[in-house]
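# Observations on the three-dimensional arrangement
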Amino acid sequence: QVQVAESGGGLVLPGGSLRLSCTASGSSFTFDSINWYRQVPGKQRELVAMITPGGSTYFTESVKNRFAIARLTGKNTVYLAMSSLEPEDTGVYYCNAVFADADYWGQGTQVTVSS
């Protein structure tokens, strides 16, 4: 059974940094992509960043040049390094692992950017 777990959220001052971790376990295959989504109360969950096994990446416009994503070679572990954080980055960050037609989600980790 596939399980996805996130860690690394917390409270940070504007301009600060955090690193989120995501591990997808319980499978023998490599996921097609592992993605980070963000949800703010009252808004739809939005895709923030994604990475494929080949290293292709995507970032939503608002986080470009501030966030980086990396994947351990041969592992279903992904890191999201967030810097120059802004209050608008506040939300619950969810890790999503995709294989074929299946989606697997973690429980989410809260990130709060506030002074």
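Here the structure is shown first, and the text comes after it.
The numbers attached to residues start from 1 for each chain and follow its sequence in the written order. Only residues with pLDDT of at least 70 get local features here, since the model is predicted, and only at 80 or more are side-chain atom pairs given and counted; chain-wide, interface and lining totals rely on the full set of residues. Note: side-chain values were computed over all heavy atoms of the structure, leaving out hydrogens and water.

## As for the side chain of Asn76
- Here a helix means four or more residues in a row that DSSP labels H or I, a strand means two or more in a row labelled E, and each is numbered from the N terminus. For Asn76, the location among the structural elements is in the loop between β7 (67-71) and β8 (77-82).
- Polar contacts here mean pairs of N or O atoms no more than 3.5 Å apart (in protein, one a potential hydrogen donor and the other a potential acceptor; neighbouring residues in sequence count only if both atoms are side-chain atoms). Reaching out from Asn76, the side chain makes a polar contact with the side chain of Arg71 at a distance of 3.2 Å.
- For Asn76, the residues in contact, after removing those within four places along its chain, are Cys22, Thr23, Ala24, Ser27, Phe29, Thr30, Phe31, Ile34 and Arg71. Any two residues whose heavy atoms approach within 4.5 Å are treated as being in contact.

## As for the pairing of β8
- With 6 bridges joining them, strand β3 (residues 18-25) and β8 adopt antiparallel strand pairing. Note on β8: the bridge partner recorded for Leu18 is Met82.
- Think of it this way: DSSP has to see at least two bridges between two strands before they count as a pair. When β7 meets β8, the two strands line up antiparallel, connected through 5 bridges. Considered in β8, the bridge of Ile69 is made with Leu80.

## Re the sheet that holds strand β1 (residues 3-7)
- If you walk across this open sheet you meet the 4 strands as β1-β3-β8-β7, and the pairing is antiparallel. Where the open sheet ends on each side, the last strands, each with one partner, are β1 and β7. Shown here is a sheet whose adjacent strand axes are inclined to one another by a mean of 15 degrees, direction ignored.
- As paired strands, β1 and β3 are joined by 5 bridges and run antiparallel to one another. By the bridge assignment, Ala5 is partnered in β3 with Thr23. Structural elements are reduced to axes, namely lines fitted to C-alpha atoms, with helices fitted over the stretch in contact, and the angle between N-to-C directions of any two is expressed from 0 to 180 degrees.

## Observations regarding the pairing of strand β4 (residues 33-39)
- Counted residue by residue, β4 has 6 buried out of 7 residues, so it is predominantly covered.
- In this sheet, strand β5 (residues 46-51) lies alongside β4 in antiparallel orientation, the contact comprising 5 bridges. Note on β5: the bridge partner recorded for Tyr37 is Leu47.
- Hairpin geometry of β4 and β5 is characterised by an intervening segment of 6 residues between the two adjacent antiparallel strands and by a positive phi of about 85 degrees at Gly42. Burial status follows relative accessibility: with a 1.4 Å probe on protein chains alone, a residue under 20% of its type maximum counts as buried, one over 50% as exposed, and anything between as partly exposed.

## Describing the state of the cysteines
- When the sulfur atoms of two cysteines come within 2.5 Å, that pair is taken as a disulfide. Per the counting criterion, the structure on display carries 1 disulfide.
- The residue that forms a disulfide with Cys22 is Cys95, at a sulfur-sulfur distance of 1.9 Å. Measuring the twist about the S-S bond at about -75 degrees, one finds the Cys22-Cys95 disulfide to be left-handed. Here the residue Cys22 occupies a position in strand β3, and Cys95 occupies one in strand β9 (residues 91-99), the gap between them amounting to 73 residues. Residues Cys22 and Cys95 agree in their burial class; the two are buried.

## Looking at the packing of aromatic side chains
- Classification of ring pairs uses Phe, Tyr and Trp, with its six-membered ring standing for Trp, and accepts pairs whose centres are within 6.5 Å; under 30 degrees between planes counts as stacked, over 60 as edge-to-face, and the remaining range as tilted. What the rule picks out here adds up to 2 aromatic pairs.
- Between Phe31 and Tyr104, the aromatic rings sit 5.9 Å apart at their centres with planes inclined by 75 degrees, giving edge-to-face as the arrangement. Here Tyr104 lies in strand β10 (residues 102-105) and Phe31 lies in the loop between β3 and β4, a separation of 73 residues in the sequence.
- Judged by relative accessible area, Phe31 falls into the buried class, the value being 0%.
- A cation sits over an aromatic face here: Arg45 above Tyr94, 3.7 Å from the ring centre. Charges are assigned to positions over rings by a cutoff of 6 Å between ring centre and Lys NZ or Arg CZ, combined with an angular limit of 35 degrees from the ring normal.

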